[in-house]
Amino acid sequence: MSDEFRNHVAGRWVHAESGATYENRNPAGRDDLIGTFAASGPVDVERAVASARDGYEMWSRIPAPKRGEALKRAGDLLVERKEELADGMTREMGKPLVETRGDVQEAIDTAYYAASEGRRLFSHTAPSELSAKMGFAVLRPAGVFGIVTPWNFPLAVPSWKIFPALVCGNAIVWKPAQDTPWTAVRFVEILVEAGVTPEAVQLVTGFGSEAGEPLVKADGVTGVSFTGSTVVGCHIAGLCGARGRRVSLEMGGKNAQLVLDDADLGLALEGVLWGAFGTTGQRCTATSRLIVQDGVHDELVEALVARAGELRLGDGRRDGTDVGPLINEDAREKVDKYVRIGQNEGAELVLGGGIPDDDDLSRGWFYRPTVFVGVEPDMRIAQEEIFGPVLSVLRVSDFEEGIAVMNGVRYGLSSSIYTADVGRAFQAIERIEAGITYVNGPTIGAEAHFPFGGVKDTGNGHREGGWPVYDFFSDLKTVYVDYSGRLQKAQIDA
Ligand code: UN1
(Lines give C-alpha, C1' and ligand atoms only; values in the text may rest on other atoms or scores of the structure.)
Protein backbone atom coordinates (compact mmCIF):
# COMPACT_ATOMS: atom_id res chain seq x y z
CA MET A 1 0.00 0.00 0.00
CA SER A 2 1.35 3.38 -0.89
CA ASP A 3 0.12 6.75 0.22
CA GLU A 4 -2.34 8.68 -1.85
CA PHE A 5 -1.94 12.44 -2.02
CA ARG A 6 -4.41 15.02 -3.26
CA ASN A 7 -4.72 18.55 -4.56
CA HIS A 8 -5.51 21.47 -2.31
CA VAL A 9 -8.43 23.28 -3.92
CA ALA A 10 -10.98 25.61 -2.30
CA GLY A 11 -9.58 24.87 1.15
CA ARG A 12 -9.97 21.07 0.88
CA TRP A 13 -7.78 18.14 -0.04
CA VAL A 14 -9.43 16.69 -3.13
CA HIS A 15 -8.82 14.23 -5.96
CA ALA A 16 -8.51 15.45 -9.51
CA GLU A 17 -11.98 15.86 -11.01
CA SER A 18 -11.25 13.03 -13.48
CA GLY A 19 -9.99 10.78 -10.68
CA ALA A 20 -6.71 10.41 -12.59
CA THR A 21 -3.55 9.82 -10.59
CA TYR A 22 0.10 9.20 -11.30
CA GLU A 23 2.88 7.45 -9.41
CA ASN A 24 5.98 9.11 -8.06
CA ARG A 25 9.03 6.93 -7.41
CA ASN A 26 12.40 7.35 -5.74
CA PRO A 27 15.03 8.14 -8.40
CA ALA A 28 17.67 6.28 -6.36
CA GLY A 29 15.60 3.07 -6.41
CA ARG A 30 12.62 2.87 -8.66
CA ASP A 31 10.92 0.04 -6.70
CA ASP A 32 10.36 2.54 -3.88
CA LEU A 33 6.95 4.05 -4.58
CA ILE A 34 6.51 7.34 -2.72
CA GLY A 35 2.83 7.64 -3.48
CA THR A 36 0.18 8.42 -6.01
CA PHE A 37 -0.69 12.02 -6.77
CA ALA A 38 -3.51 13.84 -8.53
CA ALA A 39 -3.01 14.12 -12.29
CA SER A 40 -4.82 17.43 -12.59
CA GLY A 41 -6.49 18.78 -15.70
CA PRO A 42 -8.03 22.06 -16.87
CA VAL A 43 -11.17 21.63 -14.73
CA ASP A 44 -9.10 21.33 -11.56
CA VAL A 45 -7.13 24.41 -12.53
CA GLU A 46 -10.29 26.37 -13.27
CA ARG A 47 -11.73 25.51 -9.84
CA ALA A 48 -8.49 26.36 -8.11
CA VAL A 49 -8.27 29.76 -9.81
CA ALA A 50 -11.93 30.56 -9.09
CA SER A 51 -11.45 29.73 -5.42
CA ALA A 52 -8.16 31.63 -5.34
CA ARG A 53 -10.06 34.77 -6.42
CA ASP A 54 -12.13 34.39 -3.20
CA GLY A 55 -8.98 33.60 -1.27
CA TYR A 56 -7.47 36.79 -2.60
CA GLU A 57 -10.46 38.83 -1.37
CA MET A 58 -10.05 37.45 2.14
CA TRP A 59 -6.27 37.31 2.45
CA SER A 60 -5.59 40.70 0.87
CA ARG A 61 -7.74 42.40 3.53
CA ILE A 62 -5.58 41.08 6.35
CA PRO A 63 -2.97 43.75 7.20
CA ALA A 64 0.46 42.96 5.79
CA PRO A 65 2.17 42.72 9.23
CA LYS A 66 -0.40 40.06 10.21
CA ARG A 67 0.19 38.21 6.95
CA GLY A 68 3.85 38.34 7.85
CA GLU A 69 3.12 36.74 11.23
CA ALA A 70 1.54 33.74 9.48
CA LEU A 71 4.69 33.39 7.38
CA LYS A 72 6.80 33.58 10.52
CA ARG A 73 4.83 30.61 11.89
CA ALA A 74 5.35 28.79 8.59
CA GLY A 75 9.09 29.38 9.01
CA ASP A 76 8.91 27.99 12.55
CA LEU A 77 7.10 24.86 11.30
CA LEU A 78 9.78 24.39 8.63
CA VAL A 79 12.40 24.56 11.39
CA GLU A 80 10.52 21.94 13.43
CA ARG A 81 10.10 19.60 10.45
CA LYS A 82 13.42 20.23 8.77
CA GLU A 83 14.70 16.67 9.14
CA GLU A 84 11.48 15.02 8.02
CA LEU A 85 11.19 17.33 5.01
CA ALA A 86 14.82 16.83 4.03
CA ASP A 87 14.45 13.07 4.23
CA GLY A 88 11.28 13.04 2.11
CA MET A 89 12.80 15.42 -0.39
CA THR A 90 15.90 13.27 -0.82
CA ARG A 91 13.67 10.25 -1.31
CA GLU A 92 11.70 12.19 -3.88
CA MET A 93 14.45 13.83 -5.94
CA GLY A 94 17.71 12.19 -4.93
CA LYS A 95 20.19 14.84 -3.77
CA PRO A 96 22.04 13.97 -0.54
CA LEU A 97 20.52 14.86 2.83
CA VAL A 98 23.07 17.55 3.50
CA GLU A 99 21.76 19.33 0.40
CA THR A 100 18.06 18.83 1.08
CA ARG A 101 18.64 20.22 4.57
CA GLY A 102 20.10 23.25 2.84
CA ASP A 103 17.04 23.41 0.61
CA VAL A 104 14.75 23.53 3.67
CA GLN A 105 17.03 26.12 5.27
CA GLU A 106 16.75 28.34 2.20
CA ALA A 107 12.95 28.20 2.55
CA ILE A 108 13.24 29.03 6.27
CA ASP A 109 15.46 32.04 5.49
CA THR A 110 12.99 33.18 2.84
CA ALA A 111 10.05 32.76 5.24
CA TYR A 112 11.66 34.95 7.89
CA TYR A 113 12.73 37.59 5.41
CA ALA A 114 9.25 37.72 3.85
CA ALA A 115 7.63 37.74 7.30
CA SER A 116 9.55 40.85 8.29
CA GLU A 117 8.75 42.42 4.93
CA GLY A 118 5.13 42.52 6.13
CA ARG A 119 6.25 45.46 8.28
CA ARG A 120 8.01 47.19 5.42
CA LEU A 121 6.72 46.81 1.87
CA PHE A 122 8.32 50.21 1.42
CA SER A 123 7.59 52.42 -1.49
CA HIS A 124 8.54 55.98 -2.47
CA THR A 125 7.46 59.52 -1.86
CA ALA A 126 8.73 62.67 -3.55
CA PRO A 127 7.94 66.37 -3.29
CA SER A 128 5.18 67.66 -5.54
CA GLU A 129 5.95 70.35 -8.10
CA LEU A 130 2.99 72.34 -6.73
CA SER A 131 2.56 73.79 -3.27
CA ALA A 132 0.04 72.31 -0.82
CA LYS A 133 0.14 69.04 -2.73
CA MET A 134 1.71 65.73 -1.86
CA GLY A 135 2.58 62.69 -3.91
CA PHE A 136 3.50 59.17 -2.85
CA ALA A 137 3.23 55.61 -4.11
CA VAL A 138 1.91 52.56 -2.27
CA LEU A 139 2.23 48.82 -2.97
CA ARG A 140 -1.07 47.01 -3.21
CA PRO A 141 -1.91 43.32 -3.52
CA ALA A 142 -2.18 42.40 -7.19
CA GLY A 143 -4.39 39.30 -7.43
CA VAL A 144 -3.86 35.62 -8.18
CA PHE A 145 -0.47 34.31 -9.29
CA GLY A 146 0.25 31.08 -11.12
CA ILE A 147 3.39 29.51 -9.63
CA VAL A 148 5.19 26.93 -11.79
CA THR A 149 8.28 25.38 -10.20
CA PRO A 150 11.05 22.83 -10.87
CA TRP A 151 12.06 19.68 -9.00
CA ASN A 152 15.75 20.43 -8.30
CA PHE A 153 14.95 22.73 -5.37
CA PRO A 154 11.52 21.38 -4.44
CA LEU A 155 11.08 23.71 -1.46
CA ALA A 156 13.59 26.56 -1.78
CA VAL A 157 12.60 27.75 -5.26
CA PRO A 158 8.83 27.60 -4.61
CA SER A 159 9.43 29.46 -1.33
CA TRP A 160 11.18 32.28 -3.24
CA LYS A 161 7.92 32.85 -5.09
CA ILE A 162 5.20 31.82 -2.65
CA PHE A 163 6.31 33.67 0.50
CA PRO A 164 6.74 37.03 -1.27
CA ALA A 165 3.49 36.55 -3.22
CA LEU A 166 1.62 35.87 0.02
CA VAL A 167 3.08 38.64 2.16
CA CYS A 168 2.14 41.07 -0.60
CA GLY A 169 -1.47 39.94 -0.16
CA ASN A 170 -1.95 37.73 -3.21
CA ALA A 171 -3.41 34.27 -3.59
CA ILE A 172 -1.47 31.58 -5.42
CA VAL A 173 -2.25 28.56 -7.56
CA TRP A 174 0.80 26.30 -7.56
CA LYS A 175 1.69 23.68 -10.15
CA PRO A 176 4.86 22.01 -8.83
CA ALA A 177 7.08 19.82 -11.02
CA GLN A 178 5.53 16.41 -11.62
CA ASP A 179 8.60 14.79 -10.01
CA THR A 180 8.31 16.53 -6.63
CA PRO A 181 4.63 16.67 -5.60
CA TRP A 182 5.28 15.20 -2.12
CA THR A 183 7.28 18.22 -1.00
CA ALA A 184 4.59 20.48 -2.44
CA VAL A 185 1.82 18.78 -0.45
CA ARG A 186 3.85 19.13 2.74
CA PHE A 187 4.60 22.79 2.08
CA VAL A 188 0.93 23.63 1.51
CA GLU A 189 -0.03 21.78 4.72
CA ILE A 190 2.46 23.95 6.59
CA LEU A 191 1.18 27.19 5.05
CA VAL A 192 -2.41 26.38 6.02
CA GLU A 193 -1.41 25.22 9.51
CA ALA A 194 0.51 28.48 9.95
CA GLY A 195 -2.68 30.45 9.38
CA VAL A 196 -2.62 31.48 5.72
CA THR A 197 -6.20 31.69 4.41
CA PRO A 198 -6.69 28.20 2.92
CA GLU A 199 -8.25 29.56 -0.27
CA ALA A 200 -5.17 31.72 -0.84
CA VAL A 201 -3.05 28.59 -1.34
CA GLN A 202 -4.22 26.24 -4.09
CA LEU A 203 -2.20 23.24 -5.20
CA VAL A 204 -2.73 21.34 -8.44
CA THR A 205 -0.23 18.54 -9.05
CA GLY A 206 0.42 16.86 -12.38
CA PHE A 207 1.93 17.53 -15.77
CA GLY A 208 2.83 20.69 -17.62
CA SER A 209 0.63 20.19 -20.67
CA GLU A 210 -2.43 19.13 -18.67
CA ALA A 211 -2.22 21.42 -15.63
CA GLY A 212 0.60 23.92 -16.13
CA GLU A 213 -0.48 25.33 -19.46
CA PRO A 214 -4.18 25.69 -18.47
CA LEU A 215 -2.99 27.54 -15.35
CA VAL A 216 -0.96 30.04 -17.35
CA LYS A 217 -3.95 30.65 -19.64
CA ALA A 218 -6.74 30.62 -17.03
CA ASP A 219 -9.03 33.63 -16.70
CA GLY A 220 -8.49 35.28 -13.35
CA VAL A 221 -4.71 34.78 -13.22
CA THR A 222 -2.89 38.08 -12.77
CA GLY A 223 0.64 36.89 -13.48
CA VAL A 224 2.92 33.91 -13.55
CA SER A 225 6.24 33.16 -11.88
CA PHE A 226 8.20 30.34 -13.51
CA THR A 227 11.52 28.57 -12.98
CA GLY A 228 12.59 25.95 -15.50
CA SER A 229 13.96 25.56 -19.01
CA THR A 230 14.32 28.42 -21.47
CA VAL A 231 12.10 26.65 -24.01
CA VAL A 232 9.20 26.25 -21.59
CA GLY A 233 9.74 29.70 -20.08
CA CYS A 234 9.58 31.44 -23.44
CA HIS A 235 6.45 29.49 -24.33
CA ILE A 236 4.84 30.64 -21.06
CA ALA A 237 5.96 34.20 -21.74
CA GLY A 238 4.21 34.05 -25.13
CA LEU A 239 0.98 32.90 -23.52
CA CYS A 240 1.26 35.62 -20.86
CA GLY A 241 2.17 38.27 -23.42
CA ALA A 242 -0.90 37.50 -25.50
CA ARG A 243 -3.02 38.00 -22.39
CA GLY A 244 -1.27 41.10 -21.09
CA ARG A 245 -0.04 39.30 -17.96
CA ARG A 246 3.15 39.91 -16.08
CA VAL A 247 5.57 37.01 -16.02
CA SER A 248 8.83 36.43 -14.13
CA LEU A 249 11.14 33.88 -15.73
CA GLU A 250 14.13 32.08 -14.26
CA MET A 251 15.54 29.81 -16.95
CA GLY A 252 18.64 28.04 -18.26
CA GLY A 253 22.30 28.53 -17.48
CA LYS A 254 25.72 27.56 -18.80
CA ASN A 255 27.70 28.85 -15.86
CA ALA A 256 31.46 29.04 -15.89
CA GLN A 257 34.22 29.17 -13.33
CA LEU A 258 37.28 31.04 -14.61
CA VAL A 259 40.59 30.14 -12.95
CA LEU A 260 43.55 32.45 -13.57
CA ASP A 261 47.23 31.54 -13.19
CA ASP A 262 47.51 33.37 -9.87
CA ALA A 263 44.53 31.61 -8.25
CA ASP A 264 44.63 29.52 -5.10
CA LEU A 265 44.31 26.17 -6.88
CA GLY A 266 43.21 24.21 -3.83
CA LEU A 267 40.32 26.63 -3.37
CA ALA A 268 39.46 26.56 -7.08
CA LEU A 269 39.41 22.76 -6.99
CA GLU A 270 37.03 22.59 -4.02
CA GLY A 271 34.83 25.18 -5.75
CA VAL A 272 34.53 23.35 -9.03
CA LEU A 273 33.85 19.98 -7.38
CA TRP A 274 30.96 21.46 -5.44
CA GLY A 275 29.76 23.66 -8.31
CA ALA A 276 29.83 20.97 -10.99
CA PHE A 277 28.75 17.85 -9.11
CA GLY A 278 26.60 19.18 -6.24
CA THR A 279 22.94 18.27 -6.86
CA THR A 280 24.37 15.94 -9.55
CA GLY A 281 24.88 19.07 -11.67
CA GLN A 282 21.13 19.64 -11.73
CA ARG A 283 21.11 23.28 -10.71
CA CYS A 284 20.46 26.25 -12.92
CA THR A 285 23.54 27.67 -11.18
CA ALA A 286 25.70 24.55 -11.69
CA THR A 287 29.25 24.98 -12.98
CA SER A 288 29.16 23.33 -16.38
CA ARG A 289 32.25 25.03 -17.81
CA LEU A 290 35.64 25.33 -16.20
CA ILE A 291 37.77 27.90 -18.01
CA VAL A 292 41.43 27.61 -17.03
CA GLN A 293 44.42 29.73 -17.90
CA ASP A 294 47.32 27.90 -19.56
CA GLY A 295 49.80 28.09 -16.70
CA VAL A 296 47.65 26.09 -14.24
CA HIS A 297 45.51 24.09 -16.66
CA ASP A 298 47.25 20.71 -16.48
CA GLU A 299 47.79 20.79 -12.74
CA LEU A 300 44.18 21.70 -12.01
CA VAL A 301 42.77 19.15 -14.46
CA GLU A 302 44.89 16.37 -13.00
CA ALA A 303 43.76 17.13 -9.45
CA LEU A 304 40.15 17.55 -10.58
CA VAL A 305 39.99 14.20 -12.34
CA ALA A 306 41.51 12.46 -9.33
CA ARG A 307 39.10 14.03 -6.87
CA ALA A 308 35.98 13.78 -9.03
CA GLY A 309 36.77 10.12 -9.61
CA GLU A 310 36.56 9.56 -5.84
CA LEU A 311 33.08 11.05 -5.43
CA ARG A 312 30.75 8.38 -4.07
CA LEU A 313 27.58 7.85 -6.04
CA GLY A 314 24.62 6.52 -4.14
CA ASP A 315 21.33 6.92 -2.34
CA GLY A 316 21.32 10.41 -0.86
CA ARG A 317 19.78 9.07 2.35
CA ARG A 318 22.80 6.90 2.98
CA ASP A 319 25.81 8.22 4.92
CA GLY A 320 28.83 8.98 2.82
CA THR A 321 27.01 9.65 -0.46
CA ASP A 322 28.45 12.62 -2.36
CA VAL A 323 26.39 12.47 -5.54
CA GLY A 324 22.82 11.22 -5.93
CA PRO A 325 20.99 10.03 -9.04
CA LEU A 326 19.55 12.09 -11.86
CA ILE A 327 15.87 12.86 -11.51
CA ASN A 328 14.48 10.39 -14.06
CA GLU A 329 15.16 8.27 -17.09
CA ASP A 330 14.71 11.09 -19.61
CA ALA A 331 17.23 13.22 -17.73
CA ARG A 332 19.78 10.41 -17.80
CA GLU A 333 19.23 9.80 -21.50
CA LYS A 334 19.73 13.50 -22.17
CA VAL A 335 23.00 13.55 -20.23
CA ASP A 336 24.24 10.45 -22.01
CA LYS A 337 23.28 11.94 -25.38
CA TYR A 338 25.40 15.01 -24.63
CA VAL A 339 28.34 12.86 -23.65
CA ARG A 340 28.16 11.16 -27.07
CA ILE A 341 27.86 14.56 -28.73
CA GLY A 342 30.97 15.75 -26.88
CA GLN A 343 32.94 12.71 -28.04
CA ASN A 344 31.79 13.16 -31.61
CA GLU A 345 32.76 16.82 -31.49
CA GLY A 346 36.29 15.77 -30.61
CA ALA A 347 36.45 16.69 -26.94
CA GLU A 348 38.50 14.33 -24.80
CA LEU A 349 36.57 12.35 -22.20
CA VAL A 350 38.88 12.03 -19.20
CA LEU A 351 36.42 10.85 -16.54
CA GLY A 352 33.06 9.11 -16.34
CA GLY A 353 30.88 9.23 -19.40
CA GLY A 354 28.54 6.40 -18.60
CA ILE A 355 26.18 4.60 -16.29
CA PRO A 356 27.92 2.98 -13.29
CA ASP A 357 27.93 -0.80 -13.35
CA ASP A 358 27.66 -1.43 -9.58
CA ASP A 359 24.69 -3.63 -8.79
CA ASP A 360 23.31 -1.53 -5.96
CA LEU A 361 23.09 1.51 -8.26
CA SER A 362 21.24 -0.32 -11.02
CA ARG A 363 17.78 0.50 -9.67
CA GLY A 364 18.36 4.25 -9.79
CA TRP A 365 19.06 6.86 -12.47
CA PHE A 366 22.75 7.21 -11.70
CA TYR A 367 25.39 8.62 -14.01
CA ARG A 368 29.10 8.86 -13.37
CA PRO A 369 30.62 12.30 -12.76
CA THR A 370 32.03 13.22 -16.15
CA VAL A 371 34.82 15.55 -17.26
CA PHE A 372 35.74 16.60 -20.79
CA VAL A 373 38.97 18.43 -21.61
CA GLY A 374 40.04 20.03 -24.85
CA VAL A 375 36.60 21.54 -25.21
CA GLU A 376 36.33 24.36 -27.76
CA PRO A 377 34.00 27.31 -27.12
CA ASP A 378 31.75 26.55 -30.08
CA MET A 379 31.14 22.89 -29.22
CA ARG A 380 27.62 22.01 -28.15
CA ILE A 381 28.86 20.73 -24.78
CA ALA A 382 30.28 24.24 -24.19
CA GLN A 383 27.10 25.99 -25.30
CA GLU A 384 24.03 24.01 -24.29
CA GLU A 385 22.60 23.32 -20.86
CA ILE A 386 23.07 19.62 -20.00
CA PHE A 387 21.67 19.65 -16.42
CA GLY A 388 23.75 16.76 -15.18
CA PRO A 389 27.18 15.85 -13.78
CA VAL A 390 29.12 16.82 -16.90
CA LEU A 391 31.90 19.40 -16.79
CA SER A 392 33.53 20.88 -19.91
CA VAL A 393 37.05 22.21 -19.41
CA LEU A 394 38.25 24.97 -21.74
CA ARG A 395 41.83 26.24 -21.92
CA VAL A 396 42.55 29.98 -22.41
CA SER A 397 45.78 31.91 -22.72
CA ASP A 398 44.87 35.03 -20.73
CA PHE A 399 42.22 36.97 -18.82
CA GLU A 400 40.83 38.61 -21.97
CA GLU A 401 40.25 35.30 -23.68
CA GLY A 402 38.75 33.92 -20.47
CA ILE A 403 36.17 36.72 -20.34
CA ALA A 404 35.37 36.30 -24.04
CA VAL A 405 34.80 32.55 -23.61
CA MET A 406 32.83 33.13 -20.41
CA ASN A 407 30.49 35.56 -22.19
CA GLY A 408 30.26 33.61 -25.45
CA VAL A 409 27.07 31.74 -24.58
CA ARG A 410 23.38 32.61 -24.79
CA TYR A 411 22.84 32.31 -21.04
CA GLY A 412 23.87 34.53 -18.15
CA LEU A 413 22.88 33.30 -14.71
CA SER A 414 25.87 32.64 -12.46
CA SER A 415 29.63 33.00 -12.89
CA SER A 416 32.80 32.74 -10.88
CA ILE A 417 36.41 33.90 -11.03
CA TYR A 418 39.34 32.62 -8.99
CA THR A 419 42.25 35.03 -8.82
CA ALA A 420 44.48 36.73 -6.27
CA ASP A 421 44.47 39.96 -8.28
CA VAL A 422 41.91 42.42 -6.90
CA GLY A 423 41.99 44.50 -10.07
CA ARG A 424 41.21 41.48 -12.25
CA ALA A 425 38.41 40.47 -9.90
CA PHE A 426 36.75 43.87 -10.21
CA GLN A 427 37.21 43.90 -13.98
CA ALA A 428 35.47 40.53 -14.06
CA ILE A 429 32.60 41.82 -11.92
CA GLU A 430 32.18 44.64 -14.42
CA ARG A 431 32.51 42.62 -17.61
CA ILE A 432 30.96 39.21 -17.02
CA GLU A 433 27.48 39.04 -18.53
CA ALA A 434 25.60 37.31 -15.71
CA GLY A 435 23.13 38.06 -12.94
CA ILE A 436 25.52 36.70 -10.30
CA THR A 437 29.33 36.77 -10.06
CA TYR A 438 31.28 35.04 -7.30
CA VAL A 439 34.89 35.98 -6.55
CA ASN A 440 36.91 33.05 -5.18
CA GLY A 441 33.73 31.04 -4.66
CA PRO A 442 31.84 28.52 -6.81
CA THR A 443 28.87 29.38 -9.05
CA ILE A 444 26.41 28.07 -6.48
CA GLY A 445 25.53 29.44 -3.08
CA ALA A 446 22.89 32.15 -3.55
CA GLU A 447 21.43 33.56 -0.33
CA ALA A 448 17.74 34.28 0.21
CA HIS A 449 18.06 37.99 0.92
CA PHE A 450 19.97 38.91 -2.27
CA PRO A 451 18.46 39.23 -5.74
CA PHE A 452 18.67 36.05 -7.83
CA GLY A 453 18.30 35.92 -11.59
CA GLY A 454 20.07 36.18 -14.89
CA VAL A 455 20.58 38.10 -18.09
CA LYS A 456 20.36 37.13 -21.79
CA ASP A 457 18.34 33.93 -22.37
CA THR A 458 18.31 33.12 -18.65
CA GLY A 459 15.61 35.56 -17.70
CA ASN A 460 13.34 38.41 -18.65
CA GLY A 461 14.69 41.09 -16.35
CA HIS A 462 12.97 40.16 -13.09
CA ARG A 463 14.72 39.00 -9.96
CA GLU A 464 13.72 36.64 -7.18
CA GLY A 465 15.03 36.74 -3.65
CA GLY A 466 16.08 39.92 -1.91
CA TRP A 467 13.97 43.06 -2.20
CA PRO A 468 13.02 43.33 -5.92
CA VAL A 469 10.64 40.37 -5.90
CA TYR A 470 8.14 42.30 -3.75
CA ASP A 471 7.60 44.75 -6.60
CA PHE A 472 6.81 41.94 -9.03
CA PHE A 473 4.10 40.60 -6.72
CA SER A 474 2.53 44.03 -6.07
CA ASP A 475 0.65 46.72 -7.92
CA LEU A 476 1.93 50.22 -7.50
CA LYS A 477 -0.59 52.97 -6.88
CA THR A 478 0.44 56.59 -7.08
CA VAL A 479 -1.51 58.92 -4.79
CA TYR A 480 -1.76 62.73 -5.10
CA VAL A 481 -3.30 64.76 -2.31
CA ASP A 482 -4.05 68.39 -3.06
CA TYR A 483 -4.77 70.32 0.15
CA SER A 484 -4.57 73.82 -1.38
CA GLY A 485 -8.34 74.12 -1.59
CA ARG A 486 -8.21 75.32 -5.22
CA LEU A 487 -7.73 73.77 -8.64
CA GLN A 488 -4.02 73.47 -9.31
CA LYS A 489 -2.98 72.35 -12.76
CA ALA A 490 0.17 70.26 -12.99
CA GLN A 491 2.61 71.40 -15.69
CA ILE A 492 0.48 74.50 -16.30
CA ASP A 493 0.44 76.31 -12.95
CA ALA A 494 3.92 75.16 -12.03
C1 UN1 B 1 18.53 26.66 -8.84
O2 UN1 B 1 19.48 26.04 -9.27
O3 UN1 B 1 17.41 26.57 -9.39
O4 UN1 B 1 22.76 29.17 -5.38
C5 UN1 B 1 18.58 27.49 -7.61
C6 UN1 B 1 22.30 28.05 -5.43
C7 UN1 B 1 21.03 27.73 -4.67
C8 UN1 B 1 19.82 28.00 -5.51
C9 UN1 B 1 19.86 27.36 -6.86
N10 UN1 B 1 20.99 28.50 -3.45
O11 UN1 B 1 22.79 27.16 -6.11
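(A) The overall build of the chain, seen in detail. Across its full length, the chain holds 15 helices and 22 strands. For 494 residues, the compact-globule formula gives about 23 Å, and the C-alpha radius of gyration of the chain, at 24 Å, lands near that figure. Principal-axis analysis of the C-alpha atoms places the extent of the chain at approximately 80 × 65 × 40 Å. Residues counted as buried form 57% of the 494 residues belonging to the chain.

(B) Spotlight on the environment of G295. Mapped onto the elements, G295 comes out in helix α10 (residues 294-309). Of the residues examined, G295 reaches a relative accessible area of 59% and is grouped as exposed. Separated by 98 residues in sequence, G295 and T197 have C-alpha atoms that sit 60 Å apart.

(C) Layout of the pattern of salt bridges. Under the counting rule described, the total for this entry stands at 28 salt bridges. Where E99 meets R283, a salt bridge forms, and the shortest distance between an N and an O atom there is 3.9 Å. Taken together, the residues E99 in helix α4 (residues 97-117) and R283 in the loop between α9 (265-277) and β14 (287-293) connect sequence positions 184 residues apart. Pair check on accessibility: E99 and R283 agree, each one buried.

(D) Spatial organisation of the sheet that holds strand β5 (residues 29-38). With mixed pairing, three strands are arranged side by side in an open sheet as β1-β5-β4. Whereas interior strands pair on both sides, the edge strands pair on one side only; in this sheet they are β1 (3-4) and β4 (21-26). Looking at chain direction, β1 and β5 are connected through two bridges and run parallel. Residue pairing in the sheet places D3 in a bridge with G35 of β5. Those strands touched by helix α3 (residues 82-93) are β4 and β5, and its axis lies near 105 degrees from that of β5.

(E) Examining the sheet that holds strand β22 (residues 474-482) more closely. The strand order β6-β7-β22 describes an open sheet built from three strands, whose pairing is antiparallel. Looking at which strands have only one partner, the edges of the open sheet turn out to be β6 (125-127) and β22. Pairs of neighbouring strands in the sheet enclose a mean axial angle of 20 degrees, with direction left out of account. Sheet topology note: the β6/strand β7 (residues 133-141) ladder contains three bridges and is antiparallel. Bridged to P127 within β7 is M134.

(F) Local environment of α10. The first and last C-alpha atoms of α10 sit 23 Å apart over 16 residues, in line with the 22 Å expected at 1.5 Å per residue. Of all the bends found along α10, the most pronounced is centred on L300 and spans about 25 degrees. Looking at the buried positions of α10, the neighbouring elements they touch are β13 (255-259), α9, β14, β15 (348-351), β16 (370-373) and β17 (390-396).

(G) Spatial organisation of the site of the ligand. For the ligand, the full set of nearby residues is E106, N152, F153, V157, W160, R283, C284, T285, I444, G445, A446 and F452. For the ligand, an oxygen atom lies 2.6 Å from a polar atom in the side chain of R283. Contacts to the ligand include T285, whose side-chain N or O atom sits 2.8 Å from an oxygen atom. Computed on the free molecule, the ligand has an accessible area of 320 Å², of which 97% lies beneath the protein chains in the complex. Placement of the ligand is best described as lying within the second largest pocket. Along the lines of polarity and charge, the residues of the shell around the ligand split into seven nonpolar, three polar and two charged.

(H) Representation of helix α2 (residues 64-80). In this model, α2 (17 residues) spans 25 Å end to end at C-alpha, consistent with the 24 Å of a helix rising 1.5 Å per residue. The complete set of buried residues in α2 reads A64, R67, G68, A70, L71, A74, G75, L77 and L78. Taken around the axis of α2, the buried residues stretch over an arc of 165 degrees, which confines them to a single face.

How each quantity is defined
- Residues numbered from 1 in each chain as written.
- Predicted model: local features only at pLDDT ≥ 70, side-chain atom pairs only at ≥ 80, totals over all residues.
- Heavy atoms only, no water.
- Helix = DSSP H or I, 4+ residues; strand = E, 2+ residues; numbered from the N terminus.
- Rg over C-alpha atoms; globule rule 2.2 N^0.38 Å.
- Buried < 20%, exposed > 50% of the residue type's maximum accessible area, 1.4 Å probe, protein only.
- Salt bridge = Lys/Arg side-chain N within 4 Å of Asp/Glu carboxyl O.
- Pairing = 2+ DSSP bridges.
- Contact = heavy atoms within 4.5 Å.
- Axes fitted to C-alpha atoms, helices over the stretch in contact; angles between N-to-C directions.
- Expected span 1.5 Å × (residues − 1).
- Bend = angle between axes of the 7 residues up to and from the residue.
- Near = heavy atom within 4 Å.
- Polar contact = N/O pair within 3.5 Å; in protein donor to acceptor, adjacent residues only side chain to side chain.
- Areas by Shrake-Rupley, 256 points an atom, 1.4 Å probe, with all protein chains shown as cover.
- 1 Å grid on protein atoms, 1.4 Å probe; cavity = no way out; pocket = protein on both sides within 12 Å on 5 of 7 lines; lining within 4 Å.
- Sits in = over half its atoms within 2 Å of the grid points.
- Nonpolar A, V, L, I, M, F, W, Y, C, P; charged D, E, K, R; others polar.
- Arc of directions from axis to C-beta.

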